[in-house]
Amino acid sequence: RPQPGEVALFSVSSYACQRRTTLDNHNSNLTDALSLLAENAELSNEDGRGVAFRRAAALLKALPTQVISMSQLRGLPCLGEHSLRVIKDVLENGVSSEVESTKQSKRYKALKILTGIFGVGAKTADRWIREGIYNLEQLRDSGQTLNRAQKAGLEHYDDLNEPVTKAEADAIGEIVQKAVNSVLPGSEVALTGGFRRGKLTGHDVDFLITHPEEGKEVGLMPKVVAWLESQGFLLYQKTTRNSYLESKDGPARPASNMDRFERCFSIFKLTKRKEQESTQPEEQNDLKTEDVLRPHMQADTDQQLCELSKNYQMEAASHKIWRAVRVDLVVSPISQFAFAVLGWTGSKLFERELRRWAGHEKNMSLSSHALFDNTQNKYLRATSEEEIFAYLGLEYIPPSERNA
Ligand code: GTP
Ligand code: MN
Ligand code: MN
């Protein structure tokens, strides 16, 4: 117990998968700064730096109280020299000068805008920036060839950059459940990703689909997608058998995250519920982003353009009775379901730390498909997440405490 005038010292495990990290973050001033630098590093293909900042941020998220002094951080793991400098800056000056200058930089702003397009990763954005493209207008004017994902991403840019709510996630869950039941009765749908961890908003909605009878799930994804398409629920979809093919079209993922599940990246057309109870999409009042943006061409000052943009966006919003939402669907055989649920619940750092723990501390290999024990030279079967944690010698951490 600290005496008055003294500060508390923390004791924290070094792997994020050994810690309980809820959404109740007492150090968001610090973690926001570190997360922005992590993001900037990732967008600049400096993955090592990105992970270092992510680990530092995750450690601070797990602390039970707000850090007010550098002395409280003595002896804590995961805090490198660079992260400590950033933390010190924020504690002393309220902001980090490095974060502020990054936020202001032309390159960071452009990377944010361009990778905000579904289907555009850091590499593509970097290439465009080197060709002088910093925003959507310049991209449109450049005549760059866009792939199908990027075209859809640009068309639904505003919708896809607006956070998805839990209510919207639930509405989509009902639709997916209905689709799955229609094409293969008895199938099960699980909500994964951030919403399973209790987040109130997300950048997409993630679902895992399986069937209690092994093998029944084979060929399920194309049927589900065909059903959704026939009902007019899909604005875009790309189904892949093997995710190594994704990098060309879908958002880029680090190789360690790759798996071989049947997977569908999609954009749903979700009817807004306030205006109408039905989840059935409507064709009327189908105002396209293009129609909204075309009048921009007539504006001759930035001020005018901004005014026009606001007016048209408001008009578009008031007419549109549906919105675009990113949805990820994955099909797993029941024998791999526990591993798939664990692998798709996240957070990304929590997953990365689980795999690092398995490899470095247990001589095991964990993926979204299986757990292999390199010492015993055998696969370890599991039907629940609890069993997997137990194999790994870890205390069970429920989804709501995996928000590292
Ligand atoms: P938001 O969607 O931003 O709210 O957060 P989220 O945690 O749901 O992130 P996201 O939808 O990107 O990913 C959800 C989980 O799926 C994370 O744990 C990822 O690591 C995992 N994931 C994403 N893509 C892949 C993939 O290609 N393979 C595997 N195995 N896992 C993936
Ligand atoms: Mn998600
Ligand atoms: Mn996702």
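Scroll up to find the structure.
Basis of the calculations
Residues numbered from 1 in each chain as written. Chains lettered and ligands numbered in written order. Predicted model: local features only at pLDDT ≥ 70, side-chain atom pairs only at ≥ 80, totals over all residues. Heavy atoms only, no water. Helix = DSSP H or I, 4+ residues; strand = E, 2+ residues; numbered from the N terminus. Buried < 20%, exposed > 50% of the residue type's maximum accessible area, 1.4 Å probe, protein only. Contact = heavy atoms within 4.5 Å. Areas by Shrake-Rupley, 256 points an atom, 1.4 Å probe, with all protein chains shown as cover. Salt bridge = Lys/Arg side-chain N within 4 Å of Asp/Glu carboxyl O. Donors = N, O, S within 2.8 Å, 3.2 Å for Na, K, Ca; no water. Pairing = 2+ DSSP bridges. Axes fitted to C-alpha atoms, helices over the stretch in contact; angles between N-to-C directions.

> How do you make sense of the overall build of the protein when you look at a structure like this?
In terms of regular secondary structure, the protein is built from 17 helices and 10 strands. Put simply, the protein has 404 residues, and 47% of those count as buried. Across the protein, every contact between residues at least 6 apart in sequence was considered, and the portion connecting residues at least 24 apart equals 69%. Put simply, the protein shows about 20,100 Å² of open surface, and 49% of that area lies on carbon and sulfur atoms.

> How should I be thinking about the pattern of salt bridges in this particular structure?
Once their charged atoms are close, side chains differing in charge can pair, the charge on each being opposite to the other. According to the stated counting rule, one finds 18 salt bridges in the structure shown. Residues participating in the shared-partner salt-bridge network are Arg20, Glu395 and Glu401.

> Help me understand the coordination of the manganese ion (ligand 3), please; the structure alone is not making it clear to me.
The textbook angles at a metal center are 109.5 degrees for a tetrahedron of four donors and 90 or 180 degrees for an octahedron of six. Distances from the manganese ion (ligand 3) to its protein donors, Asp204 (OD), Asp206 (OD) and Asp328 (OD), fall at 2.1 to 2.3 Å. When the donor residues of the manganese ion (ligand 3) are listed from N- to C-terminus, their spacing reads D-x1-D-x121-D. Between the two metals, the manganese ion (ligand 3) and the manganese ion (ligand 2), the spacing is 3.6 Å, and Asp204 donates to both.

> Help me out: how do you make sense of the coordination of the manganese ion (ligand 2) in this one?
At the metal site, the manganese ion (ligand 2) is ligated by Asp204 (OD) and Asp206 (OD), and these contacts range over 2.0 to 2.1 Å. Taking relative accessible area as the criterion, Asp204 reaches 6% and is therefore assigned buried. Classification of Asp206 by relative accessible area gives buried; the value is 9%.

> Looking at this structure, how should I read the sheet that holds strand S8 (residues 364-366)?
In sheet architecture, strand pairing relies on hydrogen bonds along the backbone and comes in two forms, parallel and antiparallel. What the 3 strands build is an open sheet, ordered S8-S9-S10; its pairing is antiparallel. On the outer flanks of this sheet lie S8 and strand S10 (378-379), each paired with one strand and no other. As judged from the 3 bridges shared by S8 and strand S9 (residues 371-373), these two strands associate in the antiparallel manner. Looking across to S9, one finds that Leu366 is bridged to Leu371.

> So what exactly am I meant to see when it comes to the sheet that holds strand S4 (residues 205-210) here?
Strand order in the open sheet formed by 5 strands is S2-S4-S7-S6-S5, and the pairing between neighbours is mixed. The outermost strands of the open sheet, each flanked by one partner alone, are strand S2 (188-191) and strand S5 (234-240). Between one strand axis and the next, the sheet turns by 25° as a mean value, whatever way the strands run. In terms of strand pairing, S2 meets S4 through 4 bridges, oriented antiparallel.

So far we have only geometry, and geometry alone does not tell us how the molecule works.
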